[in-house]
Amino acid sequence: MRLYLRRERTSYFLMIPVLLLIIVIFAYPFIRTFILGFFKISFGASETQYVGLNNFKDIIRNQTYWKALTNSLYWTFGNILVQLSIPLFIAILLNKRIRGINFARAIIMIPWVVPAVTIAICMRWMLLPKIGIINEMLESLNILKNQIHFLGHRFTAMPTLILLNSWKFLPFGTLMILAALQTIPDETYEAAEVDGASGYQKFRYITLPLIGSMIWFVGFLAFSWNFNTFDLIWLTTQGGPGTITQTLPVLIYRTAFKTFRLGEASAMSVTVAILLVVIGVFYFKYLTPKE
Amino acid sequence: MLKKLLFISTIILVFTLSAGMLMAGGKKEEAVEVEEVPVEITFWHHEAPAHRVAAFQKVIDLFEAENPNITVKQEVVMWGDAWVKSLSALEAGTLPEFQFAIPDLTLTMYKAEALAPVTDLVNEMDAKYKIFPNQKNMYYHKGEYWGLPIFTMIMLMTYRPSFLEEYGGVSEPPDTWDETLELARKITENSDEEVYGFGIGGAKNLMTDEQAFVLLASAGARFFDEDGNVTFNNPKTIKALRMYSELIKYAPPGAEAWSWGEIELNFAAGTLAMSPYFPAIQKRFHEEFDSSDYAAAHVPRFKGRSERGTITYPNEIHIYKQTLKDNTKLEAAKDFVRFMMRPEINAILTSGQEPGGFLPCTEAAAEAPEYWDNPVVKRFENIHRVSIESLQEYATLYGFEYGKWVNIGIGDITGADVLAEVVNKIVSGQMSVEDAVAWGHSEMEKYSIPAK
């Protein structure tokens, strides 16, 4: 018994560094942000003023906040849709045993290693009408009749950004799903073929159930990463045209570091944190694949 | 006898020792004056490109050669981070001795109670080199100067002379905004939209703020009255922004989302004939294209108005309060600032660093042969003459038109890009000019802090 207690004490002792790290990196900033949400703070100004729930009331009344929330949801679910479907398709192709497949698997990693800043600046210019190569190409292939400003038009800006962001996510999703696909034994498919299963049936009843937990996991990561994406949006459209691509992280950045209203920005961050926790709990409770 | 000799010897010894000690003491004091204590000072600037850092280093090297006891360190903080880093450094107590800024940033640091006045330095430099009044007045508040302009920037009507001739049938740029609109239409139509008449943006960013202000300034519209009350919603603003919304019809597709890079790309690609912009692209025309097909003129007037208007950004240095605690550092910083203001040295930071982009802000620097000797300046000499005329006569900055600070909320108004958002609402068709201006007015009132 004494040995057990000593071992338990040692285990707790060994956990201290990790706990400290969690407190410093996660708990302290979150609690501090939560507290700041109750103050009116102008960054750099010496005075702060306790305003109770006023910051929260203000953001609830603020149309820009609700528009940013809607944009965030559109952005997140749009990205998830692309980031789960295309990698799944590519992973199935890369799972074939054909010549040069290893080279193809290596090349798929390129978007992952290109920094977001490079993608943003290059694509911003490549997508320009008149002088951008993409418009020029689409027009010469007769796909486009008139050149369009993909990032500058209210109907195309968000879908274009979603595609750009998903292109960067592509290698991660593909490799994760490919890893799951490779765990499915060939015999399973061979048995299905003997039973006369079609390609669709093999995919629907063998592949999908067996990689379901991986898709679920990739989906969760895609959700949390996408919801908090800031760099690509800021570097390409800064939330424009108008507020069409202004998601919550962009709005929070603008509020905190462009107009220096830290209290209001903190209150917004708290609402985002709560929202993410609620969605996370829902996701884990109701969408976890059953064993 | 022996006693007498001993007495005299003692007197001589005491005298010699005293004299020796006095002389030694005196010499010691002199030695302190001559032998200067080594001192290191740091300053922040925001010009990240390698050639700009090199220009600053050149000035530092020349200064250090002249002042071997002073070491100067430059640190680059990107413009986008300048506000946040400066305020964070203030809270952390890690600010440099002084830093470069524009009026908005200076005002932000003033509000944070971080600045020491530099009135003595401004007066000294003004007496010596004659600072352009508009440039120094943007840093004047409550009887003190809070920044000393070192170099400046300005937007002019930049254009491609060959496009004006070929598609517009004119050899001179337009003098009024109505003529500009007509010429922009002509160029766009006559070139079958290969070349667009006018380059302005409509996105919610600083470039749109700046370009829209050029028209506002031409119309005589201001954000505030002399008491700092918001006066944005007035007929002059509406007139200026109505013209803006007409002009953007002759901008290349997608201009509603442009930033600085796109203007420069379009100018260089030959798809743009005119644009109110910083005339810094001349360097590319000289170095990359070896072409003189680039020029700049005074910003057009509104019909019936004799005054012109455009935007200028005096790049100043301000000294932080904490620097006052160490007199040696304070004096070293002031010596370095004095050094940068010498016309021949100032030319390294203006035409030597970014010809057309950075301009002198004193009469002496504007006349310095070192400034005009630059090959890019020689090629585009007229642009520089027009720039200096505009700087001396009418260039100003939104919120800083009165020769004093009238509303210290201007930094937040700029930070929130209120003017750009007004423009964006107009050009994207979300609101009429009148409604957007009324909206902008109420937004500005949220941030407004009249100085009185």
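Just so it is clear, the structure is predicted and the values come from calculations on it, not from any experiment.

> Explanation requested: the overall build of chain B in the structure shown.
Looking only at helices and strands, one finds 21 helices and 14 strands in chain B. If one aligns the C-alpha atoms of chain B with their principal axes, the spans along those axes are about 120 × 50 × 35 Å. Going through the 452 residues of chain B one by one, you find that 52% of them count as buried.

> Would you explain the overall build of chain A in this entry?
What chain A contains, in helices and strands, is 13 helices and 2 strands. For chain A, the C-alpha radius of gyration of 24 Å lies well beyond 19 Å, the compact-globule estimate for 291 residues. C-alpha atoms of chain A, sized along the principal axes, occupy 80 × 75 × 30 Å. Within chain A, the fraction of its 291 residues that count as buried is 33%. Here the contacts in chain A between residues at least 6 apart in sequence split such that 69% fall between residues at least 24 apart.

> Can you help me understand the pairing of strand 7 (residues 148-154) of chain B in this one?
Looking down a regular strand, the side chains alternate between one sheet face and the other. Residues and elements named next belong to chain B. Judged by how many residues are buried, strand 7 sits mostly within the fold: 7 of 7 residues are covered. Pairing of strand 7 with strand 12 (residues 310-320) involves 6 bridges; the strand directions are antiparallel. Opposite Met153, over in strand 12, you have Tyr313 as the bridge partner. Pairing of strand 7 with strand 13 (residues 359-360) involves 2 bridges; the strand directions are antiparallel. Directly across from Thr152, in strand 13, lies its bridge partner Leu359.

> How should I be thinking about helix 3 (residues 79-92) of chain B in this particular structure?
Residue and element names in this part refer to chain B. In a regular helix each residue adds 1.5 Å, so 14 residues correspond to 20 Å; helix 3 covers 20 Å between its end C-alpha atoms and thus fits that length. Along its length, helix 3 reaches its greatest deviation from straightness, about 30 degrees, at Lys85. Residues of helix 3 that are buried include every one of Ala82, Trp83, Ser86, Leu87 and Leu90, and no others. Of the surrounding elements, those touching the buried residues of helix 3 are strand 3 (98-101) and helix 4 (103-111). One or two positions beyond helix 3, positive phi appears at Gly93, with a value near 70 degrees.

> Please clarify how the sheet that holds strand 11 (residues 295-297) of chain B should be interpreted in this entry.
Sheet strands associate in pairs through backbone hydrogen bonding, adopting either a parallel or an antiparallel arrangement. Residues and elements named next belong to chain B. Taken together, the 4 strands give an open sheet; going across it, the order is 9-10-8-11, and neighbouring strands pair in mixed fashion. On the outer flanks of this sheet lie strand 9 (196-198) and strand 11, each paired with one strand and no other. When the angles between neighbouring strand axes are averaged without regard to direction, this sheet yields 25 degrees. Here 4 bridges tie strand 8 (residues 156-159) to strand 10 (residues 272-277), and the two strands are oriented antiparallel to one another. Residue Tyr159 lies in a different strand from strand 10, and its bridge partner there is Met274.

> Honestly, the domain arrangement of chain B in this entry has me stumped. Any pointers?
Size of an interface: often given as the accessible area lost when the parts come together. Residues and elements named next belong to chain B. Considered domain by domain, chain B is made up of domain 1 (39-154 + 313-383) and domain 2 (167-277 + 407-447). The C-alpha centroid of domain 2 is placed 30 Å from the C-alpha centroid of domain 1. With 4 residues of domain 1 at the interface, the matching set in domain 2 holds 4 residues. A breakdown of the residues in the side of domain 1 that touches domain 2 according to their chemical character gives 1 nonpolar, 1 polar and 2 charged.

> Would you mind going over the environment of Gly399 of chain B with me for this structure?
Within the fold, Gly399 of chain B resides in the loop between strand 14 (395-396) and helix 19 (410-415). Discounting chain neighbours no more than four positions away, the residues touching Gly399 of chain B are Phe223, Phe224, Asn407 and Ile410 of chain B.

> Please explain the packing of helix 2 (residues 54-61) of chain A against helix 13 (residues 262-286) of chain A as it appears in this structure.
How two helices sit against one another is set out by the angle between their axes and by the gap between those axes. Residues and elements named next belong to chain A. Where helix 2 meets helix 13, the axes come as close as 9 Å, and the angle between the chain directions of the two elements is 75 degrees. Classified by the angle their axes make, helix 2 and helix 13 are roughly perpendicular. Here helix 2 contributes Asn55, Phe56, Asp58 and Ile59 to the contact with helix 13, which in turn contributes Gly263, Glu264, Ala267, Met268 and Thr271. In terms of residue class, the contact of helix 2 with helix 13 is built from 4 nonpolar, 3 polar and 2 charged.

> In this structure, what is going on with the pairing of strand 1 (residues 39-45) of chain B? I would like to understand it.
All names here are of chain B. As paired elements, strand 1 and strand 2 (residues 70-76) share 7 bridges and run parallel to each other. By the bridge assignment, Val39 is partnered in strand 2 with Ile70. You can see the chain leave strand 1, run along helix 2 (residues 50-66) and come back into strand 2, and the turn it takes is right-handed. For strand 1 and strand 3, the ladder comprises 2 bridges, and the chain directions are parallel. Of the residues in strand 3, the one forming a bridge with Phe43 is Phe98.

> Looking at this structure, I do not really get the confidence of the model for chain B. What am I missing?
For any part of a model where pLDDT is low, the fine detail of the predicted coordinates should not be relied upon. Residue and element names in this part refer to chain B. Scored by pLDDT, chain B has a mean of 91; 92% of the residues are at 70 or more. Low confidence marks residues 19-34, where pLDDT is under 50. Its contacts with residues over four positions away, or in another chain, come to 0 contacts. The ipTM assigned to the predicted complex is 0.71, against a pTM of 0.81.

> What exactly am I supposed to notice about unusual backbone geometry here?
Look at the link from Gly240 of chain A to Pro241 of chain A: it is a cis peptide, with omega at -5 degrees. Phi angles above zero are rare outside glycine, and Asn142 of chain A is one such case at about 60 degrees. Mapped onto the elements, Asn142 of chain A comes out in the loop between helix 7 (133-140) and helix 8 (157-181). The phi dihedral of Lys142 of chain B falls on the positive side, at around 50 degrees, and the residue is not glycine. Relative to the helices and strands, Lys142 of chain B resides in the loop between strand 5 (140-141) and strand 6 (144-145). The exposure class of Lys142 of chain B is exposed, given the 10 C-beta atoms found within 10 Å.

> Would you mind showing me how to read the environment of Asn234 of chain B here?
Structurally, the position occupied by Asn234 of chain B is in the loop between helix 9 (206-219) and helix 10 (235-247). Through-space distance from the C-alpha of Asn234 of chain B to that of Phe223 of chain B is 9.4 Å; in sequence the pair is 11 residues apart.

> Hey, could you run me through the nonpolar core in this one?
Grouped burial of nonpolar side chains is what soluble globular proteins tend to show. Grouped together as the largest cluster of nonpolar side chains are 178 residues, with contacts concentrated most on Met268 of chain A together with Ala212, Leu241, Tyr244, Ala273 and Val423 of chain B. Counting residues per element, this core draws most heavily on helix 9 of chain B, at 9 residues. When residues of this core are sorted by domain, at least three fall in each of domain 1 (39-154 + 313-383) and domain 2 (167-277 + 407-447) of chain B. The contact partners of Ala212 of chain B, leaving out residues within four places of it in the chain, are Leu241, Tyr244, Leu419, Ala420 and Val423 of chain B. Residues Phe169, Leu170, Leu178 and Met214 of chain A belong to the second largest nonpolar core, which totals 14 residues.

> Whenever I open this one, the environment of Lys85 of chain B confuses me. Can you help?
As for its placement among the helices and strands, Lys85 of chain B is situated in helix 3. Between the alpha carbons of Lys85 of chain B and Leu95 of chain B there is a distance of 9.0 Å; along the sequence they are 10 residues apart.

> Explain the packing of helix 10 of chain B against helix 21 (residues 433-447) of chain B to me, please; I cannot follow it from the model alone.
Residue and element names in this part refer to chain B. Helix 21 packs onto helix 10 with a crossing angle of 125 degrees between their chain directions and a minimal axis gap of 10 Å. It follows that helix 10 is oblique to helix 21 by the angle criterion. Like other packed secondary-structure pairs, helix 10 and helix 21 cross with a definite hand, here right-handed. Taken together, the residues of helix 21 that come into contact with helix 10 (itself represented by Thr237, Ile238, Leu241, Arg242 and Ser245) are Val433, Glu434 and Val437. Among the residues making up the contact of helix 10 with helix 21, the classes are represented as 4 nonpolar, 2 polar and 2 charged.

Cut-offs used in this document
- Residues numbered from 1 in each chain as written.
- Chains lettered and ligands numbered in written order.
- Predicted model: local features only at pLDDT ≥ 70, side-chain atom pairs only at ≥ 80, totals over all residues.
- Helix = DSSP H or I, 4+ residues; strand = E, 2+ residues; numbered from the N terminus.
- Buried ≥ 20, exposed ≤ 12 C-beta atoms within 10 Å, placed from the backbone.
- Rg over C-alpha atoms; globule rule 2.2 N^0.38 Å.
- Contact = placed C-beta atoms within 7 Å.
- Pairing = 2+ DSSP bridges.
- Expected span 1.5 Å × (residues − 1).
- Bend = angle between axes of the 7 residues up to and from the residue.
- Axes fitted to C-alpha atoms, helices over the stretch in contact; angles between N-to-C directions.
- Domains from an automatic or database assignment.
- Nonpolar A, V, L, I, M, F, W, Y, C, P; charged D, E, K, R; others polar.
- Parallel < 35°, antiparallel > 145°, perpendicular 65-115°, else oblique.
- Right-handed = clockwise from strand over helix to strand, strands pointing away.
- pLDDT = per-residue confidence, 0-100.
- Core = buried A, V, L, I, M, F, W, Y, C linked by C-beta atoms within 7 Å.
- Left-handed = near helix turned anticlockwise from the far one by under 90°.

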